[in-house]
Structure formats: structure tokens, C-alpha cells
Amino acid sequence: MSLEGKLALVTGGGRGIGRAIALKLASQGADIVINFFRRRDTAEQTAKEVQALGVKAEIIRANVGDPAKIDEMFGVIGDKFGHLDILISNAASGVGRPIMEVDVKAWEWTMDINTRACLLCSQRAARLMEGRGGKIVSLSSLGSFLVWPTYAVVGVSKAALEALTRYLAIELAPLGICVNTVAASFVETEALKFYFDEQLGKDKLPITPAGRMVTTEDVANVVAFLCSEEAFMIRGQTIIVDGGFSIYNPLSVLERKD
Amino acid sequence: MTIEEQIREIMARITHVDGSIIRRESTFKDIKADSLDVVQALVAVEETFGIEIPDEEAQKFQNFGDFVSYVENQVAQKEKV
Ligand SMILES: NC(=O)c1ccc[n+]([C@@H]2O[C@H](COP(=O)([O-])OP(=O)(O)OC[C@H]3O[C@@H](n4cnc5c(N)ncnc54)[C@H](OP(=O)(O)O)[C@@H]3O)[C@@H](O)[C@H]2O)c1
């Protein structure tokens, strides 16, 4: 699975899952553009780690919730490289509130960053992929269909993202662009600490049927596969990476009377 | 308008409070700014003054005055260059 000579943009690529994806794609030979928002230091650190793998790394600051900033970012990529092969729409934010406390501001902030940004970045990326094809992979979560307390806005933004993926997959197929989503369950990152009390001991986190938590690398591996030619016929899908968490029936703990 | 007045106006617009209650010693909590309000204020201030306020710095702000002082310093440094 070589990505040599390819150029990938990873939004929110400075830390967490985005960082793992940047490093994975770089390890396969792709040059990486890391987009970040508030953590320049972390993005610079990740860029150094990417370069240590022998490929090029650029960092671009842009709030993907702001269409003008997305335009500027793609302007820079266009001027500097003139093309793009892979877009990873990974950046996400959100407001953790019970549904009765969700206001217009919280809704728009979340939707703009988690959903609209994927549309706008995909449109801009598709132009830079013209004549060469490409791969677009976005990051969703189980919260798009499993209800979790205070996750409403983010869950809805992810459900919309998965629907958007299907539309993009069909409408961009004639351009040779493959579009898919990877949906993960709990992954150990800062986001998890943000939503769930930091004191929540590791032993209390829901262990998957696979026997351990999902790691950022587990997610990055599947994203990298979707960026490979082997995945050419997978289109518009949401691939779940959760160690079987979402299909496990909690009633399984009941003992059966024989 | 001074830098302080401009930032006060931005904060008041975002948190829907009366600007006159925002003093240098006011905490973000006093101004009723939740974490989303603070990020939005940071973004608005960055754009107004053409500066960058890293999260690491913003996390150190104890009150409105710290925020203003940081911006004043950044703007002064920018003007020197
Ligand atoms: N962690 C989980 O358990 C989990 C589970 C399922 C799905 N996911 C999904 O996987 C993706 C990555 O999650 P994560 O846990 O790695 O996230 P994270 O640790 O919270 O990091 C968020 C990333 O998004 C960037 N970002 C946030 N707002 C942005 C904006 N407005 N513009 C540009 N970049 C922005 C951040 O940039 P800065 O570093 O500059 O702030 C950071 O790189 C997200 O789409 C998330 O929903 C996560």
C-alpha cells in the first residue's frame, strides 16, 4: 500500500486521531499538510514527526468552521502544490450539553465544523484532484446512531456527515474520487476526557468485545486502507471501528437456563 | 477605541451581557462566558487585531484583564516589527 508521491491534507491533524492518521499516511510515503486551529505547538511537533519519516510536512492554521478560512487554506495548497490526492476530514468540535440546553450558537458551531467543513473541503479538494482522482475519508462516531447523554449536537452532526459521505461518493465517483467515512467508538484522546469525567478510571471505560479500547492507530489503519487502491470499490460507506462494541447485546450477560 | 474597549465590546456581543459589567478583574464566569463563548471571543479578537493567541496562553487568563494585557502586548510587539 504505497502512497509515495501523493499529497494528503489532514484537518485537525496535529493531535489525537488526526495525528495518528498523518503519521500512518506519511509512513506509507505521502507528503502531509496538517491543518490545525488552536494548537500550533502540537501541530509543529507532529509535522516534525512526519518529516522524520522522510516525507514533506506543512502546517496550515485554519478554522474549518469558517468558509473564508477554508478557501484560504486551499488557496495555499493550490499555490504551493497545485494538486491534492487525499483529504482526511477529521477536525471536529462540539458542545456537550443535554438536548434542552442546546442553543442556536452551540448547534451552528458544531455543524459548521463537523459537517459543513467536510462539504466545503470536499468541494475544494475535488477541484485539486481533477484529472488524477483521489480519496476523501471523514471521521464519524458511533454517536451518529447510538444515543449518549450530552452528545446530541455532535451525534446529529455525525449522522449528517455520514449522509453527506454517501452523496459525495456518488456525485464525485465520475471524477475518480472515492469517498468514505470511518466511525469509531471511544478512542483514548483528549476528546474523550472532555466528554467524560477525567476521573473515569480506565477500568470503567467500556471495554469492547475485542478485549481492549480502540486506539488512534486502529482508526488510522482503516483510514489508510480506504486511501489505498485496494479499497477502490468501497464507496460512500461508514466503516465502524469499535471492536464489536456496537453490536454487542448487553443482555448477553444473562445466564441461560438449559 | 482602546484595545480594552474593543475586546469588551466583542465579549459583550458574544455573551449578551452589558459591557459595563465587564471589568478587568471579572472572570469569564462573571461575564457568563462558557467555553464556547471564550473560543469565539478568542477567534474574534485574533481577527480584529491580526494576532494569534495559542490555547496554551489563553488557558492562563484568570480574568478579563489578563486577556486584555496579553492582546495589548501582542499588538505592541506586532507594531514594533
Ligand atoms: N476520541 C474519540 O473517542 C472519537 C470517537 C469517534 C470519533 N471521533 C472523531 O475523530 C475525529 C478526531 O477526534 P479526536 O478525538 O482525535 O479529536 P481531539 O483530540 O478533540 O482533537 C480535535 C482536533 O480537531 C481540530 N479542530 C477542532 N476544531 C477545529 C476547527 N474549527 N478548525 C480546524 N481544526 C479544528 C483540533 O485542532 P487543534 O489541535 O489546533 O485544536 C484537533 O486537531 C473527530 O472527527 C471525532 O469526532 C473521535
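Residues numbered from 1 in each chain as written. Chains lettered and ligands numbered in written order. Predicted model: local features only at pLDDT ≥ 70, side-chain atom pairs only at ≥ 80, totals over all residues. Heavy atoms only, no water.

**Section: the overall build of chain B**
Across its full length, chain B holds 4 helices and 0 strands. Its helices and strands taken in sequence order, chain B reads α-α-α-α from the N to the C terminus. Computed over the C-alpha atoms, the radius of gyration of chain B is 12 Å, within 12% of the 12 Å expected from 2.2 N^0.38 for a compact globule of 81 residues. By the burial criterion, 49% of the 81 residues in chain B qualify as buried. Sequence separation of 24 or more characterises 55% of the internal contacts of chain B that already satisfy a separation of 6 or more. Accessible area for chain B stands at about 4600 Å²; split by element, carbon and sulfur atoms hold 49% of it. Side-chain charges of chain B comprise 9 positive and 17 negative groups, with the mean position of each set lying 4 Å from the other. (Helix = DSSP H or I, 4+ residues; strand = E, 2+ residues; numbered from the N terminus. Rg over C-alpha atoms; globule rule 2.2 N^0.38 Å. Buried < 20%, exposed > 50% of the residue type's maximum accessible area, 1.4 Å probe, protein only. Contact = heavy atoms within 4.5 Å. Areas by Shrake-Rupley, 256 points an atom, 1.4 Å probe, with all protein chains shown as cover. Lys, Arg positive; Asp, Glu negative; His and termini not counted. Charge placed at Lys NZ, Arg CZ, Asp CG, Glu CD.)

**Considering the packing of aromatic side chains**
One pass over the structure, following the stated rule, counts 7 aromatic pairs over all chains. Centroid distance B:Phe61 to B:Phe67: 5.3 Å. Interplanar angle 20°. Geometry classified as stacked. Across this residue pair, the class does not change: B:Phe61 and B:Phe67 are buried. In this structure, A:Arg38 is placed above the aromatic ring of A:Phe37, and the distance from its NZ or CZ to the ring centre is 5.3 Å. The ring of A:Phe232 is capped by A:Arg235, whose NZ or CZ atom sits 4.5 Å from the centre of that ring. (Phe/Tyr/Trp six-rings, centres within 6.5 Å; stacked < 30°, edge-to-face > 60°. Lys NZ or Arg CZ within 6 Å of the ring centre and 35° of its normal.)

**A word on the site of the ligand**
Residues and elements named next belong to chain A. The full set close to the ligand counts 27 residues, and Arg 15, Ile 17, Phe 37, Val 187 and Thr 189 are the nearest of them. Interatomic distance of 3.0 Å between a backbone N/O atom of Gly 12 and an oxygen atom of the ligand. Surface burial for the ligand is 93%, taken as the share of its 900 Å² of free accessible area covered by protein chains. Of all elements in the fold, only helix H1 (16–27), strand S2 (31–36) and strand S5 (134–141) reach the threshold of two or more residues within the shell around the ligand. With 3 residues, the top contributor of residues to the shell around the ligand is S5. Broken down by class, the residue content of the shell around the ligand amounts to 13 nonpolar, 10 polar and 4 charged. (Near = heavy atom within 4 Å. Polar contact = N/O pair within 3.5 Å; in protein donor to acceptor, adjacent residues only side chain to side chain. Nonpolar A, V, L, I, M, F, W, Y, C, P; charged D, E, K, R; others polar.)

**Regarding the nonpolar core**
Residues and elements named next belong to chain A. Formed by 35 residues in total, the largest nonpolar core has its most connected members in Ile 21, Leu 25, Ile 32, Val 50, Ile 88, Val 219 and Val 223. Those elements that place two or more of their residues in this core are strand S1 (7–10), H1, S2, helix H2 (40–51), strand S4 (86–89), S5, strand S6 (177–184) and helix H7 (216–226). Looking at this core element by element, the count peaks at 7 residues for H1. In contact with Ile 88, other than residues within four places in its own chain, are Leu 9, Val 10, Thr 11, Ile 21, Leu 25, Val 137, Leu 139, Val 223 and Cys 227. (Core = buried A, V, L, I, M, F, W, Y, C linked by side-chain atoms within 4.5 Å.)

**Some details on the interface of chain B and chain A**
Taken together, the contact between chain B and chain A spans 15 residues of the former and 14 residues of the latter. Across the chain B-chain A interface, the total number found is 9 salt bridges. Ionic pairing is found between B:Asp55 and A:Arg39, a salt bridge with its closest N-O pair at 3.6 Å. On inspection of chain B and its partner chain A, the count reaches 9 residue pairs in polar contact (both at pLDDT 80 or more). (Salt bridge = Lys/Arg side-chain N within 4 Å of Asp/Glu carboxyl O.)

**What to know about unusual backbone geometry**
Although it is not a glycine, A:Thr150 sits at a positive phi angle of roughly 65°. By the secondary structure assignment, A:Thr150 is in the loop between S5 and helix H5 (152–172). A positive phi angle, near 60°, is found at B:His16, a position not held by glycine. Looking at where B:His16 falls in the secondary structure, it is placed in the loop between helix H1 (3–15) and helix H2 (35–49).

**A closer look at the pairing of S6(A)**
All names here are of chain A. The buried fraction of S6 is high, at 8 of 8 residues. The alternating pattern of S6 places Ile 177, Val 179, Thr 181 and Ala 183 on one face and Cys 178, Asn 180, Val 182 and Ala 184 on the opposite face, and all of these are buried. In this fold, S5 hands off to H5, which returns the chain to S6; that crossover is right-handed. Summarising the sheet, S6 and strand S7 (residues 238–241) pair through 4 bridges and their orientation is parallel. Paired with Ala 183 across the bridge in S7 is Ile 240. (Right-handed = clockwise from strand over helix to strand, strands pointing away. Pairing = 2+ DSSP bridges.)

**Considering the sheet that holds strand S3 (residues 57–61) of chain A**
Residues and elements named next belong to chain A. Within the open sheet, the 7 strands sit side by side as S3-S2-S1-S4-S5-S6-S7. Their pairing is parallel. The sheet terminates laterally at S3 and S7, the two strands that pair on one side only. Mean inter-strand twist for the sheet, computed between neighbouring axes without regard to direction, equals 20°. Relative to S6, S5 runs parallel, the two sharing 8 bridges. By the bridge assignment for S6, Ile 136 is matched with Val 179. Across the sheet, H2 is in contact with S2 and S3; its angle to S3 comes to roughly 165°. (Axes fitted to C-alpha atoms, helices over the stretch in contact; angles between N-to-C directions.)

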